[in-house]
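Analysis of the macromolecular model
Listed below are the residues making up each chain.
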Amino acid sequence: MMLLKDILYGVGLTAVSGSTNVMINAVQFDSREVDMDDVFVAIRGLVSDGHDYIEKAINSGAKAIVCEVLPEQIVNEITYVEVRNGNSALAIMASNFYENPSKNLKLVGVTGTNGKTTVSSLLFQLFKKAGYKVGLISTIKIMVDDTEYQTSHTTPDALTINKHMKLMNEAGVEFCFMEVSSHGIHQKRTEGLVFEGAIFTNLSHDHLDYHKTFAEYRDTKKILFDNLTKKAFALTNIDDKNGLVMLQNTKARKYTYALKTYADYRAQILENQFDGQLLKINDNELWSKLIGHFNAYNMLAIYATADLLGLEQLETLRLLSELENVDGRFQYFISKEKVTAIVDYAHTPDALKNVLETINTLRTGNENVITVVGCGGDRDRSKRPVMGHIASEMSNKAIFTSDNPRSEEPAAIIEEMVDGVEPQNTKKILAIENREQAIKTACQLALANDIILVAGKGHETYQETNGKRVDFDDFKIIKDLLSELDK
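The structure reproduced in this document is the subject of the present report. (Residues numbered from 1 in each chain as written. Predicted model: local features only at pLDDT ≥ 70, side-chain atom pairs only at ≥ 80, totals over all residues. Heavy atoms only, no water.)

So, helix H3 (residues 86-97)
So the rule is basically this: A helix here means a DSSP run of H or I that spans at least four residues, while a strand means a run of E at least two residues long, and both kinds are numbered starting from the N terminus. A helix is expected to span 1.5 Å multiplied by its residue count minus one. A 1.4 Å probe rolled over the protein chains alone gives each residue an accessible area, and that area as a share of the maximum for its type sets the label: buried under 20%, exposed over 50%, partly exposed in between. Residues adjacent in sequence count toward polar contacts only when both atoms are side-chain atoms; beyond that, a polar contact is any pair of N or O atoms within 3.5 Å, and within protein one must be able to donate a hydrogen and the other to accept it.
Under the 1.5 Å per step criterion, the end-to-end length of H3 is 16 Å for 12 residues, consistent within 8% with the ideal 16 Å. Within H3, 11 of the 12 residues are buried, which leaves it mostly tucked inside the rest of the structure. Those residues of H3 that fall on the buried side of the exposure criterion are Gly86, Ser88, Ala89, Leu90, Ala91, Ile92, Met93, Ala94, Ser95, Asn96 and Phe97. Two to three positions downstream of the cap, the backbone nitrogen of Asn87 sits 3.0 Å from a side-chain oxygen, assigning the N-cap of H3 to Asn85.

Listed below in structure tokens is the structure:
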């Protein structure tokens, strides 16, 4: 338990009704979770408004209410605190309640359109191999050293973040690597956290359903760098035209990495094949099991971060060579019939283009590339024709299918993808709504040495339709289908 006034330390208050000198059992923003002597923070969400649930929270035992607008009816013996921003208040309160756990960690945030999961997960892997106790907060999971917790958002809510960082403190974790999404930054989930450093990977077309303009999307990412202290480091990919924008106004120490231009950390691809690539990083050669230009950038960002965090460079190179691919990121296998199947999370135009470019640099030209791809429902519609164009232009055959249609009709999403296909490529495409049937069709079309790319869902093990999730694992499905055909 903690005094309300201590939980509110640093929060921008506009009015208080009642005493803040009361003991609080827990901080909650979901009225269904409220119990006796909790403080309920009313958050204005995209779907519902927490202010509508204040009465319910009080009936469940809330002792204090934090909100942006005080309710018309004030209940005696309940403390009401009016704040400028509910999301910001929740983040700072969560940090205070869990005793500011990020201050006891070397916390590094990773932001960008593509590469966040790979960079943060592989940094976790590398520092574990180096003998440290490490934490990870990613799309796929939260790790507190060896203990795994599931997560449902790229950047979890502020309570979840601070709760698990507190567990990291208790477990003696020294380093923590965290994916930081634009949604998370915009919704203030990272406010109150103390970062040792931040990494910018790249920026391309994504989440314009949420941010409306590319400039707003970029500037939201930039907030992570704007808020760094002068003790922190800011590491950015300057081959991306938005890389230097991230460094404007930051107080942090500035570092750059690149493959194409002069930078503090440079890499060159010497060899690239299906089982890995030979890289030259700052004049040292390194064999990596991860392939493609996008992974060369990822490996370089990891090398630079490890160096900035004090790891010995030659030891870092040795550990880099041992790193394994992250689930659903260019995850591949070759069937007995010599068909190569690749599953990748590529769900943006840039990511899909990167993966197909990598495949096309590795192939001899005699085999076919068959791409199975869809676009998520209730998300940025403007990228659908662009992804349809890329898939049809860069593949011998493209099968457009469902990818978490959510509340939308799969056929309508596919139609918008078809709109981006050039007339000369229309014969190369098929539209198959059922994702499993689409993957099965790709397997039936594939001959020896052909390459099948199943893009969009990667590590996800579900398909979401009309609010319901059913089990669906791209990698398992294609592996089972090809094994069946091998028989």
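The rest of the description comes next.
Side note on the nonpolar core
Generally speaking, a soluble globular protein has its nonpolar side chains buried in company with each other. The test is simple: Grouping buried Ala, Val, Leu, Ile, Met, Phe, Trp, Tyr and Cys residues that are joined through side-chain atoms within 4.5 Å yields what is termed a nonpolar core. We call two residues in contact whenever any of their non-hydrogen atoms come within 4.5 Å of each other.
Leu126, Phe127, Ile199, Ile281 and Leu320 are the most contacted members of the largest nonpolar core, which has 42 residues in total. Residue contacts for Ile281: discarding those within four places in its chain leaves Arg266, Ala267, Leu286, Leu300, Tyr303, Leu317 and Leu320. Within the second largest apolar cluster, 29 residues are counted, among which are Ala346, Ala351, Val355 and Phe400.

Focus: the side chain of Ser181
Residue placement: Ser181 occurs in the loop between strand S12 (175-179) and helix H6 (182-186). Take Ser181: its relative accessible area is 7%, and that puts it in the buried class. At 3.0 Å, the side chain of Ser181 forms a polar contact with the backbone nitrogen of Gly184.

Focus on the pairing of strand S10 (residues 141-144)
Counted only if it meets this: Strand pairing requires that DSSP identify at least two bridges connecting the strands.
Sheet analysis places strand S9 (residues 134-137) next to S10, joined by 3 bridges and oriented antiparallel. In the sheet register, Gly135 faces S10, and the bridge partner there is Val144. With antiparallel pairing between neighbouring strands as the criterion, S9 and S10 make up a hairpin whose turn holds 3 residues. The pairing of S10 with strand S11 (residues 147-150) spans 4 bridges and is antiparallel. Its bridge partner lying in S11, Lys141 is registered against Gln150. Adjacent in sequence and paired antiparallel, S10 and S11 are bridged by 2 residues, among which Asp145 carries a positive phi angle near 55°.

Interpretation in functional terms is not warranted from these geometric data alone.
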